[in-house]
Amino acid sequence: MHTDADTLFKELWDSYRQVTPSAERIHRILGAEEGQRIVNDHIALRTFNLDPVRLDALAEHFLSLGYRQGGDYHFEAKKLYARHYEPPREDLPKVFISELLVDQCSEALQATVKGLVDQVSPEAVTADNFLYSGRHWQIDYSTYSNLLQESEYAAWMAAWGYRANHFTVSINHLERFRTVRDINQLLKENGYEVNASGGEVKGSPSEMLEQSSTMADRVPVQFSDQTVTIPSCFYEFALRYPKADGHLYSGFVAASADKIFESTNAGR
Ligand code: OOG
Ligand code: NI
């Protein structure tokens, strides 16, 4: 298990950046080169609710670093369950982990996903590098396409495996930009597609969290039979509002999260 959260997040960032060419360009347009510090609000990970890769097994990597379990969230239509974890230090990101409830999916999907997960050894899951270890299986393009018909989430997981699917800029820590609308404007001026599902600004001050995200980059993936360009990872932006006690709200908003999942949708 990790002794050092900074190393873990650096590795997660490196594996994310390798398949998300827009990430560093977005840092530049936010002014990182002029000294603007970019603070991460949270990252997100995905998995299946099967041993040995279920949500709890991923969470263990953070619990061992002193993270604490926060709220949980249900996404009935997408057949997902999620929890968030709060960091032991203010300067570390929160973590959002979801899992596909495979038992609620079709027999065909269950058979495919079990076939993938059976190839992951329990030792691989507890190893230091698991959360950025990518795919532990081979998959051909037609199997990916079949998963896509039923669950965008399952198809994304099958293609990408274990890695952060997004990092999230904390707007509270930016100096030049104050609102999610300003960020969306900047993104669009620079040629990025903003996820418009449920509206470009998700959440509200009364929910104490406003968010937006880019649509995922598209990069070539090597399937076992061919290479195809598919959605990889995206960038998110979050603005948190203070609670009555003066501390910033630290939870997530299920209705917003439901739409943010769609940032990796392929059919568009
Ligand atoms: C997570 C989507 C939810 C948020 O901030 O509400 C989320 C995912 O796409 O895996 O990131
Ligand atoms: Ni997020």
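Above this note sits the structure.
Not measured: the values here are computed from a predicted model. (Residues numbered from 1 in each chain as written. Chains lettered and ligands numbered in written order. Predicted model: local features only at pLDDT ≥ 70, side-chain atom pairs only at ≥ 80, totals over all residues.)

**Let's talk about the overall build of the protein**
- Assigned secondary structure in the protein consists of 9 helices and 10 strands.
- Here the C-alpha atoms of the protein give a radius of gyration of 18 Å, agreeing with the 18 Å that 2.2 N^0.38 yields for 268 residues.
- Counting over 268 residues, the protein shows a buried share of 40%.
- A separation threshold of at least 6 residues defines the contact pool for the protein, and within that pool the share at least 24 residues apart is 66%. (Helix = DSSP H or I, 4+ residues; strand = E, 2+ residues; numbered from the N terminus. Rg over C-alpha atoms; globule rule 2.2 N^0.38 Å. Buried ≥ 20, exposed ≤ 12 C-beta atoms within 10 Å, placed from the backbone. Contact = placed C-beta atoms within 7 Å.)

**Quick word on the site of ligand 1**
- Looking at ligand 1, the residues that line it are Ala44, Arg46, Phe96, Ser98, Asn165, Gln211, Glu236, Phe252, Ser256, Ala257, Ile260 and Phe261.
- Its residues assigned to classes, the shell around ligand 1 comprises 6 nonpolar, 4 polar and 2 charged. (Near = placed C-beta within 6 Å. Nonpolar A, V, L, I, M, F, W, Y, C, P; charged D, E, K, R; others polar.)

**Observations regarding the packing of helix H6 (residues 141-150) against helix H7 (residues 152-160)**
- Across the interface, H6 lies against H7 with an axial gap of 6 Å and an inter-helix angle of 150°. The angle between H6 and H7 places the two elements in the roughly antiparallel class. Here Tyr144, Leu147, Leu148 and Glu150 of H6 come into contact with H7, specifically with Glu152, Ala154, Ala155, Ala158 and Ala159.
- Here the residues of the contact of H6 with H7 are counted per class, giving 7 nonpolar, no polar and 2 charged. (Axes fitted to C-alpha atoms, helices over the stretch in contact; angles between N-to-C directions. Parallel < 35°, antiparallel > 145°, perpendicular 65-115°, else oblique.)

**Overview of the nonpolar core**
- In this structure, Leu12, Ala154, Met157 and Ala158 are the most contacted members of the largest nonpolar core, which totals 69 residues.
- Considering every element that reaches this core, the biggest residue donor is H7, with 8 residues.
- With residues up to four places along the chain from it excluded, the contact list for Ala158 reads Leu116, Ile139, Tyr144 and Leu147. (Core = buried A, V, L, I, M, F, W, Y, C linked by C-beta atoms within 7 Å.)

Any functional reading would require information that these geometric values do not contain.
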